[in-house]
Protein chains: 2
Amino acid sequence: MSNQPEQNAWRPQKPRGQLIVYSGPSGVGKGTLLRPLVAEHRDIVMSVSATTRAPRPEERDGVDYHFVTREQFERFIADGEMLEYAEYNGNYYGTPRRFVSEQLDLGRNVVLEIEVKGAMQVKKACPSAVLVFVMPPSYNELRERLINRHTESEEQIKKRLEVAVEEIRQFHEYDFVVINDNLEDARDRLLCAIRAGRLVTRFHENLIEEVLELC
Amino acid sequence: MSNQPEQNAWRPQKPRGQLIVYSGPSGVGKGTLLRPLVAEHRDIVMSVSATTRAPRPEERDGVDYHFVTREQFERFIADGEMLEYAEYNGNYYGTPRRFVSEQLDLGRNVVLEIEVKGAMQVKKACPSAVLVFVMPPSYNELRERLINRHTESEEQIKKRLEVAVEEIRQFHEYDFVVINDNLEDARDRLLCAIRAGRLVTRFHENLIEEVLELC
């Protein structure tokens, strides 16, 4: 087949990047799976969130977060510049729209690592986003990982597990489920889900109309 | 995370192979995309159909088809041994169940290259099958490819295009759409769809129940 673009061609599967919404319960290993893929594959980039909270000593502006003032953040919201946002403990967190759309225009797949609530906002705002949910191999495994971090009290772990269950209840809102049973396999699966995103049938709903128009 | 299987683990994403139903209009290049993948990747095998039609000189039994008698085929049907079947021009064509399930048990992904009608039979019989539909880059491209084969009359091509449109109308029954705009890219996409099959959310509907049971 010819590589030439055609006037009556279906929506192409290459040119624009794919927006990937990436969630999973706290402790499941989302960052550990994703970071090496971003380092290895030029077509995959992570979105950097904006926040109004103060940077921690090791955090760099524009890398870990875009650190902005409350006034700036509220102006972004008013101008429709936030793809999704939420307030936690008196601070805003959100995804600035501009970086995402610039990278998508460059043909890159942009991954938003966000919580389920934000994910649902993006799903509504961007029906062309593909949603990936990371699952622990079991509930017990997730609990043990949280315990083995030794960073939280029993009460905090209990709370995290409750939130995890609430998030897992919504996994059917996602297109793909990646079970993190071992790092290497789970990473391959995540790469596969990111790359397969644009092949999902619901992104090609215009195909029939185009066929009927032409024949 | 541990690699050890756990008693309360979710359904694993590795052990059993994935059944892939693979369709697309005549002339779209299904075989040209698939054959090199089967040759290169040990985890991907093609199912060999059974038929009651006589072998052509170049065809080998067990490779191109399983050539069987009408009595054998009807016994297979009666015994529930055909995953899907249909009759064309007085001959039966179908997919024997045994090879498919043996290969799936070995952890291989088994591709059934079948028409949309057979695909719908398999979808009903095996809800765990993932369905992949190959599209031409455009209607005009498909028409030109059929014309350039120089093997069929104008009338036959017209008929094929009518069937193609009817098949394309049902593409939303499939999980993934692979547009064959150029061979190399389309082959990568097909491999990606085959590998991503087991990640599709609807195959993990038991997750919630398992979570609720355990926590």
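What comes next concerns the included structure.

Conventions used here
Residues numbered from 1 in each chain as written. Chains lettered and ligands numbered in written order. Predicted model: local features only at pLDDT ≥ 70, side-chain atom pairs only at ≥ 80, totals over all residues. Heavy atoms only, no water. Helix = DSSP H or I, 4+ residues; strand = E, 2+ residues; numbered from the N terminus. Contact = heavy atoms within 4.5 Å. Areas by Shrake-Rupley, 256 points an atom, 1.4 Å probe, with all protein chains shown as cover. Lys, Arg positive; Asp, Glu negative; His and termini not counted. Charge placed at Lys NZ, Arg CZ, Asp CG, Glu CD. Polar contact = N/O pair within 3.5 Å; in protein donor to acceptor, adjacent residues only side chain to side chain. Salt bridge = Lys/Arg side-chain N within 4 Å of Asp/Glu carboxyl O. Disulfide = S-S within 2.5 Å. Buried < 20%, exposed > 50% of the residue type's maximum accessible area, 1.4 Å probe, protein only. Pairing = 2+ DSSP bridges. Axes fitted to C-alpha atoms, helices over the stretch in contact; angles between N-to-C directions. Left-handed = near helix turned anticlockwise from the far one by under 90°. Phe/Tyr/Trp six-rings, centres within 6.5 Å; stacked < 30°, edge-to-face > 60°.

Considering the overall build of chain A
Right, so step 1: Each helix and strand counted, chain A has eight helices and nine strands in total.
Right, so step 2: Contacts in chain A between residues at least 24 apart in sequence constitute 67% of all its contacts with a sequence separation of at least 6.
Right, so step 3: On chain A, roughly 11100 Å² of surface is accessible, and the fraction owed to carbon and sulfur atoms is 47%.
Right, so step 4: Each charge class in chain A can be summarised by its mean position, and for the 29 positive and 35 negative side chains these summaries are 1 Å apart.

A short note on the side chain of E152 of chain B
Right, so step 1: Its location among the elements puts E152 of chain B in the loop between α5 (139-148) and α6 (154-168).
Right, so step 2: Within polar-contact distance, the side chain of E152 of chain B engages the side chain of R160 of chain B at 2.5 Å.

Brief notes about the pattern of salt bridges
Right, so step 1: Taken as a whole, this structure holds 25 salt bridges over all chains when the rule is applied.
Right, so step 2: Ionic pairing is found between R16 of chain A and D105 of chain A, a salt bridge with its closest N-O pair at 2.9 Å. Placement of R16 of chain A in the segment before β1 (19-23) and of D105 of chain A in helix α3 (residues 97-105) is noted, with a sequence separation of 89 residues between them.
Right, so step 3: When the shortest N-O distance is used, the salt bridge between R202 of chain B and D175 of chain B registers 2.5 Å. One end of the pair, R202 of chain B, is in the loop between α7 (183-196) and α8 (207-214); the other, D175 of chain B, is in the loop between α6 and β9 (176-179), with 27 residues separating them in the sequence.
Right, so step 4: Among the charged side chains, a salt-bridge network with shared partners connects R53, R56 and E59 of chain A.

Quick word on the state of the cysteines
Right, so step 1: Enumeration over the complete set of coordinates arrives at zero disulfides over all chains.
Right, so step 2: No disulfide involves C192 of chain B; its sulfur sits 4.7 Å from the nearest other cysteine sulfur, which is in C192 of chain A.
Right, so step 3: Look at C192 of chain B and you get buried, because its relative accessible area is 12%.

What to know about the sheet that holds strand β2 (residues 44-46) of chain A
Residues and elements named next belong to chain A.
Right, so step 1: Pairing is parallel across the open sheet formed by five strands, whose spatial order is β2-β7-β1-β8-β9. Each edge of the open sheet carries a strand with a single partner, namely β2 and β9 (176-179). Across the sheet, the mean angle from the axis of one strand to that of its neighbour is 25 degrees, orientation sign disregarded.
Right, so step 2: Across the sheet, helix α7 (residues 183-196) is in contact with β1, β2, β7 (109-113), β8 (130-135) and β9; its angle to β9 comes to roughly 165 degrees.

Examining the packing of helix α1 (residues 30-40) of chain A against α7 of chain A
To characterise two packed helices, one gives the angle between the axes of the helices and the distance between these axes.
Residues and elements named next belong to chain A.
Right, so step 1: Relative orientation of the contacting elements α1 and α7 amounts to 65 degrees, with a least axis distance of 9 Å. Where α1 crosses over α7, the handedness of that crossing is right-handed. Here T32, L33, L34, P36 and L37 of α1 come into contact with α7, specifically with L183, A186, R187, L190, L191 and I194.

Describing the environment of Y85 of chain A
Residue and element names in this part refer to chain A.
Right, so step 1: Mapped onto the fold, Y85 is located in strand β5 (residues 82-88).
Right, so step 2: Accessibility expressed as a relative area gives 31% for Y85, which makes it partly exposed.
Right, so step 3: Excluding its chain neighbours within four sequence positions, the residues that come into contact with Y85 are F73, I77, Y92, Y93, G94 and Q121.

Describing the pairing of β1 of chain A
Successive residues of a regular strand alternate their side chains across the two faces of the sheet.
All names here are of chain A.
Right, so step 1: Of all five residues making up β1, five are buried, and the element is well covered by its neighbours.
Right, so step 2: The alternating pattern of β1 places L19, V21 and S23 on one face and I20 and Y22 on the opposite face, and all of these are buried.
Right, so step 3: Pairing of β1 with β7 involves four bridges; the strand directions are parallel. When the bridges of β7 are listed, V21 appears paired with L112.

Comments concerning the packing of aromatic side chains
Residues and elements named next belong to chain A.
Right, so step 1: Scanning all chains against the criterion turns up 15 aromatic pairs over all chains.
Right, so step 2: Each ring, one from Y85 and one from Y92, has its centre 6.2 Å from the other, and the planes form 70 degrees; the classification is edge-to-face.
Right, so step 3: Here the aromatic cluster, defined as three or more aromatic residues joined through ring pairs, consists of Y65, F67, Y88 and Y93.

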